[in-house]
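# What the coordinates show
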Amino acid sequence: MHNPEFEAQRIIDLKNLMPDYDRPHRRYNPLKDEWVLVSPHRTQRPWLGQVEKTPALILPEYDSECYLCPGNSRVGGVRNPVYDSTFVFDNDFPALLPPDDTQPATSDLFRAEPASGISRVVCFSPRHDLTLPELPLADVEQVVRTWIDQTRDLGERDNLAYVQVFENKGEMMGCSNPHPHSQIWATSFVPNEPLREQRAMLEYLTRTGGCLLCDVYAAEQDTGERIVLENDGFIAFVPFWAVWPYELLLISRRHFGALTDLRATEIRNLAELLKQVTIRYDNLFEISFPYSMGFHQSPFDGEPHPEAHFHLHFYPPLLRSATVRKFMVGFEMLAMPQRDLTPESAAERLRELNPLHYRSRPK
Ligand code: H2U
Ligand code: ZN
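What you see is a predicted model; the values in this text were computed from it and never measured. (Residues numbered from 1 in each chain as written. Chains lettered and ligands numbered in written order. Predicted model: local features only at pLDDT ≥ 70, side-chain atom pairs only at ≥ 80, totals over all residues.)

On to the overall build of the protein chain, then. Secondary structure summary: the protein chain contains 7 helices and 12 strands in total. Along the first, second and third principal axes, the C-alpha set of the protein chain runs to 60 × 55 × 45 Å. Looking at the protein chain as a whole, 37% of its 363 residues qualify as buried. Within the protein chain, counting contacts between residues at least 6 apart in sequence, those at least 24 apart form 72% of the total. (Helix = DSSP H or I, 4+ residues; strand = E, 2+ residues; numbered from the N terminus. Buried ≥ 20, exposed ≤ 12 C-beta atoms within 10 Å, placed from the backbone. Contact = placed C-beta atoms within 7 Å.)

Quick look at the structure:
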């Protein structure tokens, strides 16, 4: 299936990589078709800028003021059931509405199209205080199963083309409530990020005959230097082209497109890796580690998508401590993303952390 010339080039490429290269260079992101500037020599610069607030350490198991806890009223007045597992509800302030017949005004220069969809909130468990790293494994599996069921339900609908499952964790990421939850926005169109990736994966398949992420999986296993964790179903690694300091990409070992294609063993593998990855994250600065994470899967647009390879991005904002975050400003806003810490050093740091959550270790 692979083009042999391309295969030979891949091996040369691997040998030519320079993880200990300490001069500025740029790295290519084939999923986004864009470059990131890496400036490893800058990691020593002093920091006199903004200091972020450290998140509260101890949360109660139940909070009578929380709009997501079992039995409590939400902002719109609806009361949550006394749920004892995952709990899904339609967002009371949805960004998307059901389709109707109205059309926005549009012109060549000022283009607009109708956009419809469904937004839901998925509470991970009744516990107000247990995020993914501290949730029992069986409960994390239940969260994965809920995402699968929701994807199936929404993906099968004629007027929806994409199902975006994501979690915003921590005030720093704009999360409005500490009760562990994720969101699902299912849209009548494929949003920018998955569309861009899908086009890149399709271009790669056409050019090489292979799958971009299957090849990345194999290449990362060959070198091992950016892998943080792996199991039979998935690897978690800091991508060669990562933008965020401790960014991670989780990709499935097997080639398949969507959450709905996961096999029973892969559900368990994914739950295990989610738990272990988020434990390492919390252990990095011994705080509840903020991030935005989300799955990228095949569009549900009725077309076959042989190019699509199921994966999960973690984009955490923190850089050097619980209080120092990376800002995407200046050159990043106006020119291109830039990082100081190399992906290889970030991976090494995450890999060497204790596999036990800091709050569960004996003092
Ligand atoms: P975050 O994941 O960014 O914290 O957002 C939580 C979502 O919960 C947000 O989209 C919704 C908000 O609209 N929400 C409700 O649907 N009902 C409520 O009572 C409060 C918040
Ligand atoms: Zn709560």
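The next thing to look at is the pairing of strand 7 (residues 227-230). Bridge count between strand 7 and strand 8 (residues 234-237): 3 bridges; the pairing is antiparallel. When the sheet's bridge partners are listed, I227 is paired in strand 8 with F237. Here strand 7 folds back onto strand 8 in antiparallel fashion, the turn holding 3 residues. (Pairing = 2+ DSSP bridges.)

Split into domains, the protein chain comes out as domain 1 (7-39 + 192-351) and domain 2 (75-97 + 114-187). Relative placement of domain 1 and domain 2: their C-alpha centres are 23 Å apart. Taken together, the contact pairs 28 residues of domain 1 with 26 residues of domain 2. Among the elements of the structure, helix 5 (264-285) and strand 10 (291-296) are those that each provide at least two residues to the side of domain 1 that touches domain 2. If one sorts the elements of the side of domain 1 that touches domain 2 by residue count, helix 5 sits on top with 10 residues. A breakdown of the residues in the side of domain 1 that touches domain 2 according to their chemical character gives 16 nonpolar, 6 polar and 6 charged. (Domains from an automatic or database assignment. Nonpolar A, V, L, I, M, F, W, Y, C, P; charged D, E, K, R; others polar.)

With 22 residues, helix 5 should reach 32 Å at 1.5 Å per residue; the first-to-last C-alpha distance of 33 Å fits that figure. E286, located one to two residues past helix 5, shows a positive phi value of around 55°. (Expected span 1.5 Å × (residues − 1).)

Near ligand 1 you find 15 residues, and of these R74, V75, D92, F93 and S176 are the closest. Its residues assigned to classes, the shell around ligand 1 shows 5 nonpolar, 8 polar and 2 charged. (Near = placed C-beta within 6 Å.)

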